[in-house]
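Per-entry structural report
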Amino acid sequence: MYLLEDWTFYLWVKRRCFPRGWTPCRYPLLAPGHRKPLPAKRGESREEVASRRIWKSSSYCKASTMLKRKGSGGFRKRKHDNFPRGQKREEKENVTPSSPLMTSFKSFQLELDTRHDKYERLVKLSRDITIESKRTIFLLHRFISAPNGEEILNESELKLDAVRRKIKQVAQELIGEDVYQFHRAISPGLQEYVEAVSFQYFIKTRSLISVEEINKQLIFTAEDREETTNTTSSSHDKQLHTWSLKITPVDYLLGVADLTGELMRLCISSVGNGDIDTPFELSQFLRQIYDGFTFIGNTGPYEVSKKLYTLKQSLAKVENACYTLKVRGSEIPKHMLADVFSTKTELIDDDGLP
């Protein structure tokens, strides 16, 4: 029995016996289903034995691949196997741009592109609203330390008017659209606006603004003059356009939850300025907000439950400040109270709440 050990001889048989592009099996000397090589016949030369073995193995490989394509248990039959190679190209060339199918898909493409562009514009407007609202909050924190608080409130009102002009652009973008389809793009800006408006309202009235009052401020009007020409005279007709954007209850709740952090900072800064009555007032106000959020519980949105822990932490800091003022207020000088509260709030942040 001859064994094929010379690799150069194998390559010579491959070039001699196989056409171009036909690769033999990986194990050319093994017959199908056999582990031992095929025995040589009587009178066969070494070249004839090798070529017969390679031919059997290669034909077996070809037959097995054909069976896998045709059988149900092998490879999955592809849809394009039944079509000639050049038929797809001809079909692509024969498609006319003015066909009803192409025109409908072009309209779909245009609609999706306009929707995506509008979504990106709303995201940019929401970022601008967030930035201006944060600047208003930073300005309002200077109300306690400023000698003239009315100027701070007037300046904050001007900044909030600029924010409302941005919200007016959002309302104009959403004309004829479903607001909830673009709610994810504008929600962060609206939450920050609710936080700024409620913070300003609390400084003025020491109470919480309602969502109805916020929505009243978001009704915008504009006069659009249309010129009409007649045969005798020309006149200008004024048509009143209104745009409105309503704050959803979820955005209102999330904005109020963020307000508690600003009230905690207001409490610490007021103690540093010598105001001892404000922390007790803020503590009572934050307890009422916390009680309202606990009534919601797990039935509310997921974002509300996430901010409930931060609300509880802010309430603990304010209560700790009130405890220090009540128990040790006479022992600590007024100019050192802010330092004591800052160190205790750092300890609360590190240890967390039970």
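For clarity, every value in this text was computed on a predicted model and none was experimentally measured.

The rules behind these values
- Residues numbered from 1 in each chain as written.
- Predicted model: local features only at pLDDT ≥ 70, side-chain atom pairs only at ≥ 80, totals over all residues.
- Heavy atoms only, no water.
- Helix = DSSP H or I, 4+ residues; strand = E, 2+ residues; numbered from the N terminus.
- Buried < 20%, exposed > 50% of the residue type's maximum accessible area, 1.4 Å probe, protein only.
- Disulfide = S-S within 2.5 Å.
- Patch = residues over 30% accessible without salt bridge, like charges linked within 9 Å, V, L, I, M, F, W, Y side chains within 5 Å.
- Areas by Shrake-Rupley, 256 points an atom, 1.4 Å probe, with all protein chains shown as cover.
- Salt bridge = Lys/Arg side-chain N within 4 Å of Asp/Glu carboxyl O.
- Phe/Tyr/Trp six-rings, centres within 6.5 Å; stacked < 30°, edge-to-face > 60°.
- Axes fitted to C-alpha atoms, helices over the stretch in contact; angles between N-to-C directions.
- Parallel < 35°, antiparallel > 145°, perpendicular 65-115°, else oblique.
- Left-handed = near helix turned anticlockwise from the far one by under 90°.
- Contact = heavy atoms within 4.5 Å.
- Nonpolar A, V, L, I, M, F, W, Y, C, P; charged D, E, K, R; others polar.
- Expected span 1.5 Å × (residues − 1).
- Core = buried A, V, L, I, M, F, W, Y, C linked by side-chain atoms within 4.5 Å.
- pLDDT = per-residue confidence, 0-100.

Here we come to the overall build of the protein chain. Check the secondary structure of the protein chain and you find 11 helices and 2 strands. The order of α-helices and β-strands along the protein chain, N terminus first, is α-α-α-α-α-α-α-β-β-α-α-α-α. The burial tally for the protein chain puts 33% of its 354 residues in the buried class.

Attention now goes to unusual backbone geometry. Positive phi, close to 60°, is recorded for Arg206, a residue that is not glycine. When you line up the elements, Arg206 lands in the loop between helix H6 (183-205) and helix H7 (211-217). On the accessibility criterion, Arg206 (33% relative accessible area) is partly exposed.

Under the counting rule described, the total for this entry stands at 0 disulfides. With no disulfide of its own, Cys267 has Cys322 as its nearest cysteine by sulfur position, at a separation of 5.6 Å. The exposure class of Cys267 is buried, given its relative accessible area of 0%. The class for Cys322 is buried, based on a relative accessible area of 7%.

Side chains of Leu101, Phe105 and Phe108 sit close together on the surface and give an oily, nonpolar patch of about 340 Å² of accessible area. Residue position: Phe105 is located in helix H4 (residues 100-140).

For the structure on display, the rule yields 3 aromatic pairs. Between the aromatic rings of Phe105 and Phe108, the centroid separation amounts to 5.9 Å while the plane-to-plane angle is 75°, which identifies the pairing as edge-to-face. With a gap of 3 residues between them, Phe105 and Phe108 both fall in helix H4, about one helical turn apart.

Our next topic: the packing of helix H9 (residues 277-296) against helix H10 (residues 302-328). At a minimum axis distance of 9 Å, the contact between H9 and H10 shows a crossing angle of 155°. What the angle tells us is that H9 and H10 run roughly antiparallel. In the crossing of H9 with H10, the sense of the turn from one axis to the other is left-handed. Listed contacts from H10 to Pro279, Phe280, Leu282, Ser283, Leu286, Arg287, Ile289, Tyr290 and Phe293 of H9 are Val304, Leu308, Leu311, Lys312, Ser314, Leu315, Val318, Glu319, Cys322, Leu325 and Lys326. Split by residue class, the contact of H9 with H10 holds 14 nonpolar, 2 polar and 4 charged.

Mapped onto the fold, Phe285 is located in helix H9. Judged by its relative accessible area of 10%, Phe285 is buried.

It is at 8 Å that the axes of H6 and helix H8 (residues 249-272) come closest, and there the two elements cross at 45°. When the interaxial angle is binned, H6 and H8 end up oblique. Seen from above, H6 lies across H8 with right-handed handedness. Seen from H6, the contacting residues are His183, Ser187, Leu190, Gln191, Val194, Glu195, Ser198, Phe199 and Phe202; seen from H8, they are Asp251, Tyr252, Leu254, Gly255, Val256, Asp258, Leu259, Glu262, Leu263 and Leu266. Of the residues belonging to the contact of H6 with H8, the class tally is 10 nonpolar, 5 polar and 4 charged.

Bringing the side chain of His183 into the picture now. The topology assignment puts His183 in helix H6. Using a relative accessible area of 18% as the deciding quantity, one classes His183 as buried.

What follows concerns H9. Helix length check: H9 (20 residues) gives 30 Å between terminal C-alpha atoms against 28 Å at 1.5 Å per residue, within 8%. Taken residue by residue, H9 has Thr278, Pro279, Leu282, Ser283, Phe285, Leu286, Ile289, Tyr290 and Phe293 as its buried positions. Taken together, the buried residues of H9 touch H6, H8 and H10. With its phi angle positive at about 65°, Gly297 sits one or two positions after the end of H9.

Glancing now at the nonpolar core. Formed by 53 residues in total, the largest nonpolar core has its most connected members in Ile167, Val170, Tyr193, Phe199, Ile214 and Leu263. Non-local contacts of Leu263, meaning those with residues more than four positions away in its chain, are made with Phe199, Phe202, Leu282, Phe285 and Leu286.

So, about the pattern of salt bridges. By the definition in use, this model includes 13 salt bridges. In this structure, Lys204 engages Glu157 in a salt bridge whose closest nitrogen and oxygen atoms are separated by 3.7 Å. Remark: Glu157 occurs in helix H5 (residues 149-173) and Lys204 occurs in helix H6; sequence separation between them is 47 residues. Lys307 is the partner of Asp258 in a salt bridge, and the nearest nitrogen-oxygen pair spans 2.9 Å. With Asp258 in helix H8 and Lys307 in helix H10, this pair connects stretches of sequence that are 49 residues apart. What you see here is one network of salt bridges that share partners, running through Glu157, Asp161, Arg164 and Lys204.

Now for the confidence of the model for the protein chain. With 61% of its residues at a pLDDT of 70 or more, the protein chain has an overall mean of 75. Confidence over residues 1-5 falls short of pLDDT 50; this stretch has 11 contacts with residues more than four positions distant or in other chains. Throughout residues 26-35 the model reports pLDDT below 50, and contacts reaching past four residues in sequence, or to other chains, amount to 15 contacts.

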